[in-house]
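Single-letter residue listing:
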Amino acid sequence: MSPARVIDTHRLSTLAHEYERDMLQFLHDLSAVPRDESQWTERIAREVKREPFVETCADPEGGLLTRVGAGKHSILLLAQNDAAGVVAAVYAGRLIDELGMSDDFTLWLWARSPAQHSPVRDLRPECVLLAEPTNLCIQMREAAVEGLLSESHPLVQAAIANYETLFELPPIVSHAPSLRGPNGFPAIAFGAGDEGSVRHLLKAAQFYAAFPTTYVETLRHR
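Along each chain, numbering runs from 1 in the same order as the chain's sequence is written. Totals for whole chains, interfaces and linings use all residues, but because this is a predicted model, local features are given only for residues with pLDDT of at least 70 and pairs of side-chain atoms are given and counted only at 80 or more. Side-chain measures were taken over the full set of non-hydrogen atoms in the model, leaving aside hydrogen atoms and water.

Thoughts on the overall build of the protein
Next up, step 1: A run of DSSP states H or I qualifies as a helix once it reaches four residues; a run of E qualifies as a strand once it reaches two. Both are numbered from the N-terminal end. Per the secondary structure count, the protein includes seven helices and eight strands.
Next up, step 2: Going through the 222 residues of the protein one by one, you find that 57% of them count as buried.
Next up, step 3: Should any heavy atoms of two residues lie within 4.5 Å, those residues are considered in contact. Across the protein, every contact between residues at least 6 apart in sequence was considered, and the portion connecting residues at least 24 apart equals 81%.
Next up, step 4: Here the protein displays about 9,600 Å² of accessible surface, and carbon together with sulfur accounts for 50% of that area. Only protein chains enter the accessibility calculation, which uses a 1.4 Å probe; a residue is then buried when its area is under 20% of its type maximum, exposed when over 50%, and partly exposed in between. Note on areas: these come from Shrake-Rupley sampling with a 1.4 Å probe, and a residue is covered only by the protein chains present in the view.

So this is what it looks like as structure tokens:
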């Protein structure tokens, strides 16, 4: 079964647009608070309580750690660089739950203030998806052993398939240095290019929501 048949892209897009007002309000609130550890995290925590996340806790390094699902394949969605990335990542959890897009994955969401650059601790994800402003381009980052990723890596293949399934266009894929992401894990970055772009925000949320399913399906077909 291909990712295109697993994901109902029309329902995903429709539901994401239904949440547009809530997402924009969350984005406005995040953009208005000082980006220190306490206020940033407190506002995110209030929003997360409305969503289907479990095991939500304050990270000792700062920020908030929570998850959706309890499957074998562990994926980390790290949102720390901008408000739009946090908003899209949080609402991806709601989209996954509302559409029943469960599979054999655990999606960890780690939301941190932009000032925090500590490495991932305790978590050992198979891969990392960095919610960063890339103008809806896929940026390949580091791998555990191989150095920079290539397009043959399952993480990159899943990201490309995910983009093509959702948006029916080939993505722009490039290499970029991993300045903020966790070292030692295969990682890609994807996100909106402009915090004021509603279209980018909604597409990023759809991409994050669909990615775990596409990643698991990609592994099954290798």
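As for helix H7 (residues 198–220)
Next up, step 1: Expected helix span is computed as 1.5 Å times (number of residues minus one). The end-to-end C-alpha distance of H7, which contains 23 residues, comes to 34 Å, matching closely the 33 Å that a straight helix rising 1.5 Å per residue would cover.
Next up, step 2: If you look at H7, its biggest bend is around 40°, right at Phe211, and the proline Pro212 turns up within four residues after that.
Next up, step 3: Where burial is concerned, most of H7 is hidden: 18 out of the 23 residues are buried. Bending is quantified residue by residue as the angle between axes fitted to the seven-residue window ending at that residue and the seven-residue window starting at it.

A closer look at the nonpolar core
Next up, step 1: Side-chain atoms within 4.5 Å are what join buried Ala, Val, Leu, Ile, Met, Phe, Trp, Tyr and Cys residues into a set we call a nonpolar core. Among the nonpolar cores identified, the biggest contains 64 residues, and Leu12, Ile44, Val86, Phe207, Tyr208 and Phe211 are the most heavily contacted of them.
Next up, step 2: Discounting residues that sit within four places of it in the chain, Phe207 has contacts with Leu129, Ala159, Asn162, Tyr163, Leu166, Phe167 and Phe190.
Next up, step 3: Within the second largest apolar cluster, eleven residues are counted, among which are Leu65, Leu78, Leu130 and Ala189.

Here we look at unusual backbone geometry
Next up, step 1: With phi around 60°, Leu136 is a residue other than glycine that occupies positive phi space.
Next up, step 2: Tracing the backbone through its elements, the reader meets Leu136 in the loop between strand S5 (127–131) and strand S6 (138–140).
Next up, step 3: Residue Leu136 is classed as buried on the basis of its relative accessible area, which comes to 7%.
Next up, step 4: One non-glycine residue, Glu168, lies in positive phi territory at about 55°.
Next up, step 5: Among the structural elements, Glu168 can be located in the loop between helix H6 (154–167) and strand S7 (173–175).

Side note on the packing of aromatic side chains
Next up, step 1: Between rings of Phe, Tyr and Trp, where Trp is taken as its six-membered ring, a pair exists when centres lie within 6.5 Å; planes separated by under 30 degrees are stacked, by over 60 edge-to-face, and by other angles tilted. All told, the structure shown has nine aromatic pairs when counted by the stated rule.
Next up, step 2: Three or more aromatic residues joined by ring pairs make a cluster, and in this case those are Tyr163, Phe167, Phe190, Phe207, Tyr208, Phe211 and Tyr215.
Next up, step 3: Any Lys NZ or Arg CZ that is within 6 Å of a ring centre and within 35 degrees of that ring's normal is treated as a charge sitting over the ring. Sitting above the plane of the Phe167 ring, Lys203 keeps its charged end 4.9 Å from the centroid.

Observations concerning the pattern of salt bridges
Next up, step 1: Salt-bridge detection follows one rule: a side-chain nitrogen of Lys or Arg within 4 Å of a carboxyl oxygen of Asp or Glu. All told, the structure shown has eight salt bridges when counted by the stated rule.
Next up, step 2: Residue Asp22 pairs with Arg94 through a salt bridge whose shortest N-O separation is 3.8 Å. Linking Asp22 in helix H3 (residues 20–32) with Arg94 in helix H5 (residues 83–98), this pair joins segments that are 72 residues apart in sequence.
Next up, step 3: Residue classification places Asp22 among the partly exposed residues on the basis of a relative accessible area of 28%.
Next up, step 4: Residues participating in the shared-partner salt-bridge network are Asp22, Asp29, Arg43, Glu47, Arg50 and Arg94.

A closer look at the packing of H6 against H7
Next up, step 1: Angular values range over 0 to 180 degrees, each being the angle between N-to-C directions of two axes fitted as lines to C-alpha atoms, with helices fitted over their stretch in contact. Where H6 meets H7, the closest approach of the two axes is 8 Å, and the angle between their N-to-C directions is 125°. Viewed along their axes, H6 and H7 adopt a mutual orientation that is oblique. The element H6 and its partner H7 pack so that their crossing is right-handed. Where H6 approaches H7, its residues Pro154, Leu155, Gln157, Ala158, Ala159, Ala161, Asn162, Tyr163, Leu166 and Phe167 are matched on the opposing element by Lys203, Gln206, Phe207, Ala210, Phe211, Thr214, Tyr215, Thr218 and Leu219.
Next up, step 2: Class assignment for the residues of the contact of H6 with H7 results in 13 nonpolar, five polar and one charged. These descriptions rest on fixed angle ranges, namely under 35 degrees for roughly parallel, over 145 for roughly antiparallel, 65 to 115 for roughly perpendicular, and the rest for oblique. Helix crossings fall into two classes, left-handed where the near helix is turned counterclockwise from the far one by less than a right angle and right-handed where it is turned clockwise. The classification used treats Ala, Val, Leu, Ile, Met, Phe, Trp, Tyr, Cys and Pro as nonpolar, Asp, Glu, Lys and Arg as charged, and all other residues, Gly among them, as polar.

Shape descriptors only; they carry no functional weight alone.
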